[in-house]
Structure formats: C-alpha cells, structure tokens
Amino acid sequence: MGSNVYLESFTSELNARYGFSDQKLTYAGWVTKHTTLKGAPYSFYDHEFQEDIINDVRQNVIVKKCAQVGLSEVMVRGVLAFIARQQGLTAILTQPSRKNALDFSTTRVDDVIKDSRLLNSMIDSSVDSKELKKIGKSYLYIKGTIGAKAAISVPADMLIHDELDFSDLEIINKYSSRIQHSKYKLFRKFSTPTIPNFGISKEFNTSDQKFYLKKCPHCGKWNQTHDSFFNDVVVDGYNGELKNITLDMLAYIKFDDVKYLCQGCRRPIAYHDYVKREWVPMYEGRAVSGYQVTPFDTPFQDPYNLLKQMNTYTRYADFVNFALGRDYVDTDSVFDIERINFFTDDVGHDIGLCMGIDFGKTCWVTVGCVNPDESVTIVYKAPINEHDLIDTVRKLQREYFIGALVCDALPQTKLSRDVCNAFDGLALTCYYSDSQKDLYVIKSNEEDVTVNRTQIFDIVLHTPVLNVKSCSQDNILKKHLVGMVKQRDIDDEHIFRYVKVDEDHFLHSLGYMRLACHIQSEQGMHIAPITVDSSEISNG
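The text that follows walks through the structure, step by step, so that each part is easy to find.

So, how was this worked out
- Residues numbered from 1 in each chain as written.
- Predicted model: local features only at pLDDT ≥ 70, side-chain atom pairs only at ≥ 80, totals over all residues.
- Heavy atoms only, no water.
- Phe/Tyr/Trp six-rings, centres within 6.5 Å; stacked < 30°, edge-to-face > 60°.
- Buried < 20%, exposed > 50% of the residue type's maximum accessible area, 1.4 Å probe, protein only.
- Helix = DSSP H or I, 4+ residues; strand = E, 2+ residues; numbered from the N terminus.
- Lys NZ or Arg CZ within 6 Å of the ring centre and 35° of its normal.

## Quick look at the packing of aromatic side chains
Inspection of every chain in the model, using the stated rule, returns 19 aromatic pairs. Geometrically, the ring pair formed by Phe204 and Phe211 is edge-to-face, given 5.9 Å between the ring centres and 90 degrees between the ring planes. Judged by relative accessible area, Phe211 falls into the buried class, the value being 5%. Measuring from centroid to centroid gives 5.4 Å for Phe229 and Phe319, while their planes differ by 65 degrees, and the two rings are edge-to-face. Within this pair, whereas Phe229 is found in helix α9 (residues 228–231), its partner Phe319 is found in helix α12 (residues 316–323), the two being separated by 90 residues in sequence. Per residue, the accessibility class of Phe229 equals that of Phe319, and both read buried. Three or more aromatic residues link up through ring pairs in this structure, and these residues are Phe229, Phe230, Tyr313, Tyr316, Phe319 and Tyr328. Here the guanidinium or amino end of Arg85 rests over the ring plane of Tyr27, the centre of that ring lying 4.9 Å away. It is Lys243 that lies over the ring of Tyr316; its NZ or CZ is 4.4 Å from the centre.

Structural data, given as structure tokens:
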C-alpha cells in the first residue's frame, strides 16, 4: 500500500505543532527545520556563533553586539520557536520606540511567520496586528518604550528587549514585574552598546562574559577578539593609530596590507575560521549568561572594510559602538572633569550672580555666573534639606547679591513656587522640553519657563572652564557632572538625548543656574564677571 502524502503532511504538522517529533530538537534545530530566509531553509552557515546564543536556555541571557551581524533575525526566530513549541505562553518583545516596534513587526516578524509553513498555519488571523500576534494558544506582544507611559499590564513568560541602550530603561525595569509569576521567567536582552557600565554593558558586566575565541593555527593560542581592532589589526608600513587613517590614506593601502595578528605569536591568521572557534566564559559559574559579539565573529567583516567604515561615521564613538560592538565615551558625550578648577580663597562678587536649584527631599543649590570668556564660576554649591530651603535661599541672596533664580518645577510644585515667591528678583520654575526649538520660552504668567533639555545640557557640557569654590561637596560635584551622558538616536545620527547613568543633581542645578544667567543677560540686567586668582586654582 502506497504512502498517503496528505496524512504524512497532516501528521508532520501535528508533530511540529505539538512537539511530538521536535522534543529533542534544539532551538537552532527547530529554527532551521521550520523557518526560511530568502526562500531557502534558515541556516547558521557563516553565522555559527549564533547557535549557542539561540540554544541558551538559562533564564537571563545578555548579548552585547556590534551592528549588522544577523542577531535580530535569529532573535525573532528564537522567540517564535519558544511560544510555538510550548503552547499557552506569552512573550513581550520591546524596541526603543513605537515606530521601531511597528517597523520591526512588519519587516522582521511578519516575514518569518509568512514564510514558515508551520507558523503561518498557527497564526490566528483574528489576533494579528503589528503589536499583537496569536500563534496557536500563545501570544507575542511587540511594543515600544520611549514615550510609553507604562509597561503593558500583561503577565508574560519571556521578555525580549532589543536595543536596550536606546530604550527607556525606566519602562524596561517596569516590565520585570510582568514575569514574576511565570515558571519560565526568561529574560533576553540584546543591544549595541553605548556608554561604559550602562544598559547592555552594565548587564554584560554581571554575566559570565563569554567571548568567541579563535585558536591560532601557528602557535595554538586562543585569541579573544573584543579588543582585536585596536591591538591586533596592523597595516603594513604604517605605525600610527588606526583611528587616524583617512579615506585618502586608505586609497593607497591594499586589501592584503591589512592583517589580523595572533595575540601570541603575532603571525597573521584568518579571522573567520570557524573550525577553531569556541565560546569561552571569563567568569564561569555566574548565573547570567552573557555574549560579546564582535565583527570578527562573522566572515562578512574584514579589517580593511572596518577601516573604510570608520571613515563613514560622523562621530568616532558611533564607529566603536556600532561597528565594533564596544562601549565608549569621550568628551563629546560627557562632561570633562579635567576642566574643573577648584579655588579656595573668597572672591569678590557683585550683582549678576545667579542661582539654580534641583528639587528632591534634598535640594541641590548652585550659585555662580558666566564670565565674558564663557568660563563659569561657582561660588557656592550645597545640598539643602527641603525644610531649610526657603530660609537658605533668602540668606544666599543677601550674601551673594543674587539677581536671578531658576529652579526645578517638579516634583515639588508647591515648594518651587514658594521658593520663587520668597526670592526678591527674577525667579522662574522650569520645565524640560524635548521638542521646542528655542533654548527657552517664558510662559505668559511670567512665573514658568520651559527649556530645551538637550540644548541646556549641551551648554553645560561645552563649558570651557569651570571654576569652583572648593568645599566638602567637591567629589560629589564631580560625580554628578558625569552622571548624564549624551547619546545618539538609534535611527538618526544627528539626533541626541541625554541619559542618566548615575546621580546627577548638581548637573541639573548647574543647568538651571546657566539658564538663569542666560535669561538675566537677555533681560539686560548687569552681570559682573568674577575674577579668580590663578595662583589659588587647583584641579582637585
């Protein structure tokens, strides 16, 4: 009796859907069996490094990666495999913004489902939007974080946060509670890194920190590729730093002149030989599983091409983040504390000093001025208890002849208004804006001002010299000034935002003080620069 192709097809789909024949398959095996790419069965050929990542069944998996290595492609397949194989589950996948989420759903998720015979047969057409998909009895939510008022109130079994560094981390943290009652409690976080000890880099630092080592065919040493571009890529006849190679210089460099050297014997080796590759943890035994993916982990990037890419980025930091997968920060992104000069002697002061206050249970006060050379002098800085704030403001105004005050409007709206009412002079409560074009706009009530958040922090960031009267708060000031870092938008290298990476109260206070100085100057009030005796200056 001949075989029944219809019965075999039906049985095959039953087995796939309910796991009868797929139970022993790894996730990578399931993906290659049931999904396709460009009309062919999905393959890990030339992307062998991805297999261990998708097969990792530990609860917390962190992937710190460079761009364009196919990890978003395999991440989608891993999520779909999870909810398709174990029915009745819920996964939530986040992208930085709602637009990112909708685009990702259309261009990545939908294509995988449509091109998979099994997944396409399981999709419930009545629950198939860009933000929610029902696959059998399981659900996949696809949401943005920036601009979201809250994490969706849906219990989940798996959370997948893509491009963590560019997401709203407060919303990301709220999602953690959605998974507490699941027996799986799976966290998957993927991202191009940005700033050291922030976002994906901070998560990776707590993990076992696996690197995809390569074995030298000459001496047998296992090479770690994370720092390879800086330490192991050489150009014949060139002894300078690679970052100084321009496109004009590259025109005279041949492809074979750029070599990857073994960290042991320093002989050239092939960077994409998968026969001698292995994921090796630096801290074996840690509960969190972490992977560092570099451009040298795929055969599609070569050292010569990386040099070309380096010259296509406007900012060197973006090249290091996106092309190399490394965290990096420079003085274009964070305040340079080397620009701080602490002085000890009292200095003369006159009308023209301004005050900035950042509110909380503790209120952070800064008094100073902007000088004609754009340097800034701070004559007073201190944390003040909220109950003592009004009396302190009155005392400081009398002592320093303060002409203008800008203070935080939130979260203590009543206290900020009371402080302004107690101040004899120009006093405004301030709200941040991410969208207004002007630096500041004073409201018609002449009591409130909105300031462009990015512009005011740019002004602080680019302060050429910050002269500061030394006191017990010096180290706290330095810590707070680097508590905010400038970060580019994931989609547009010309759009930036400032993200909090540590305590930053004095930074806000200084920003309010700078705004007060700016408004006072434009209002035509007298500003008296402060002259600091250079013999009294130190870098603390």
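## Points about unusual backbone geometry
Look at the link from Leu410 to Pro411: it is a cis peptide, with omega at 5 degrees. Summarising the element assignment, Pro411 is placed in the loop between β20 (402–408) and α14 (413–422). In the Ramachandran plot, Asp46 falls in the positive-phi region, its phi being about 70 degrees despite a non-glycine side chain. Looking at the element boundaries, Asp46 is found in the loop between β2 (40–41) and α3 (49–55). With relative accessibility at 19%, the residue Asp46 sits in the buried group. One non-glycine residue with positive phi stands out, namely Gln68, at about 60 degrees. Turning to its location among the elements, Gln68 is positioned in the loop between β3 (60–65) and α4 (71–85). Residue Gln68 is classed as exposed on the basis of its relative accessible area, which comes to 79%.

Honestly, that's just the spatial picture; any functional story needs more than this.
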